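The primary structure of each chain is shown beneath.
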Amino acid sequence: MTSQQSQHDKTPSLPDAYAAAASVATGKRNATVLAVCQGLFTCAISIDLTLTALTGWQLAPDKSLATLPFALITVAGAVVTWFAAFLIQRLGRRLSFALGAASCCAGGLISVWSVFHGHFWTFCAGTALVGVFQAFAQYYRLAAADAVTDEFKSRAISTVLTGGVIAAIIGPALAAWSKDLFPAALFSGAYLVVAAMGLLSVLVLLLFYRDMAALPAATGVQAAHAPPRPLGAIVRTPVFVASVANNVAGSMIMMFIMTAAPLAAVACHHGIDDGAAIIQWHLIGMYAPSFFAGRLIKRFGLGAVLLAGLALNLACAVTAMASTSLPAFYAALLFLGVGWNFSLVGGTTLLAQSYAPSERAKTQGFSELLRYGATALATLGAGPLLARFGWETLNAAILPVLLLCALATGRWMLAERANGPQALRGLG
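Position numbers for residues start from 1 in each chain and track the written sequence from start to end. Restriction of local features to residues with pLDDT of at least 70 applies here, the model being predicted, together with a cutoff of 80 or more for giving and counting side-chain atom pairs; totals for whole chains, interfaces and linings are based on all residues. Only heavy atoms go into the side-chain values, all of them from the structure, while hydrogens and water stay out.

A. Summary view of unusual backbone geometry. Despite not being glycine, F187 has its phi angle at roughly 80°, a positive value. For F187, a relative accessible area of 9% translates into the label buried. Non-glycine residue H269 carries a positive phi angle of around 70°. Here a helix means four or more residues in a row that DSSP labels H or I, a strand means two or more in a row labelled E, and each is numbered from the N terminus. Mapped onto the elements of the fold, H269 is located in the loop between α11 (238-267) and α12 (272-287). Note on exposure labels: buried denotes an accessible area under 20% of the residue type's maximum, exposed denotes more than 50%, and partly exposed covers the range between, all computed with a 1.4 Å probe on protein chains only.

Structural data, given as structure tokens:
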């Protein structure tokens, strides 16, 4: 075969070129659709998280159960996460995501009925269904990453997360506006808005989202057609370990500190409104970097952005331990939010590169199960640990987690430099 013939064989045919262009266009379109859905999800969950503890206190037959509906959002999400990955593989993303959003609609309506009729246990069922929605929504960013090649994965993930920026601002405002819609049943109007967010998500997904095959992650034809590896082989690869370290550490630290921050602010003689404003500023920090995180990864490299995320979490801890003034709370929670964004975008980019399409469900499901489990433990432990040890000690407790995450990230960076990305994934 001549070199000219060889070059001709490598050149894609015109139909293949059109198919590739169409795939890229669909991937970008889906990322935009999922950004809208991410915004609707963030609105719904922020309303539920803002008011659920108060509603639980209002409805609980025993006031010690007041936080149970709040906890069930996280618990239900953790339980469903693993199964959601396999349902997505079986039914496709479009229908699975729509079913998850429909559970939010149902949960919101059940919550409205429960508040009107004073039923605590059905209210718990309603909040648990919102947790189901949360489990499916966590796969939005992964769906966007799977639809594009390696060089665009971080950009697709960032695009999805931008949907949370506006929602982080208007979600608490919606909660404040809607809680008094029905004076006869305080808070019921807010849960009607939650149901509306779920219904809008269903409509957006069914009308505009298009299922498409996941692209192999920079591993060539051999990886795309190789038999799926056992989960144990996948989780031992440096790229998976680094992805889980950043996803788990980023989310666990964020929830651990964010959950305790409003209580710590009040304990440090700041107002309740100050605590709410600190969290709103933190939410902006969580989502606003999504507008440029993908570009930072492209310019400086994935490893640099992951290490920057760890450094920002460290800055949060140091700032919080150094001062309990109101500006220190604002600065610490802003550092925490941006650090979470860098860790999640970078960690998800690594996760999307750690598996072949045939390994997607079990790898994503296991990773998200670990992330959810750690986050649930952090959420449940933040309050008691704050009460016993104080704000400074609480922030000091995240330092060993940051060190372990830095070691896992450094190991991946060194191994990739020495062996190449394909060998790291166990696919070379």
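Moving on from the coordinates now.
B. Here's a closer look at the side chain of T42. By the secondary structure assignment, T42 is in helix α2 (residues 14-59). Taking relative accessible area as the criterion, T42 reaches 5% and is therefore assigned buried. Polar contacts here mean pairs of N or O atoms no more than 3.5 Å apart (in protein, one a potential hydrogen donor and the other a potential acceptor; neighbouring residues in sequence count only if both atoms are side-chain atoms). Of the polar contacts made by the side chain of T42, one reaches the backbone oxygen of Q38; its length is 2.8 Å.

C. Spotlight on the environment of A196. The residue A196 is located in helix α8 (residues 188-208) in this model. Assessed through its relative accessible area of 32%, A196 is described here as partly exposed.

D. Quick look at the confidence of the model for the protein. Confidence scores labelled pLDDT are given residue by residue by the predictor and lie between 0 and 100. Summary statistics for the protein give a mean pLDDT of 86 and a share of 89% for residues scoring 70 or more. For this analysis, residues touch if any pair of their heavy atoms sits within 4.5 Å. Confidence drops under a pLDDT of 50 for residues 1-12, and excluding neighbours within four residues, the segment shows 2 contacts in the predicted structure.

E. Here's a closer look at the environment of C316. Along the polypeptide, C316 turns up in helix α14 (residues 302-322). Separated by 15 residues in sequence, C316 and A331 have C-alpha atoms that sit 7.3 Å apart. Excluding residues that lie within four positions of it along the chain, C316 makes contacts with I257, A332, F335, L336 and N395.

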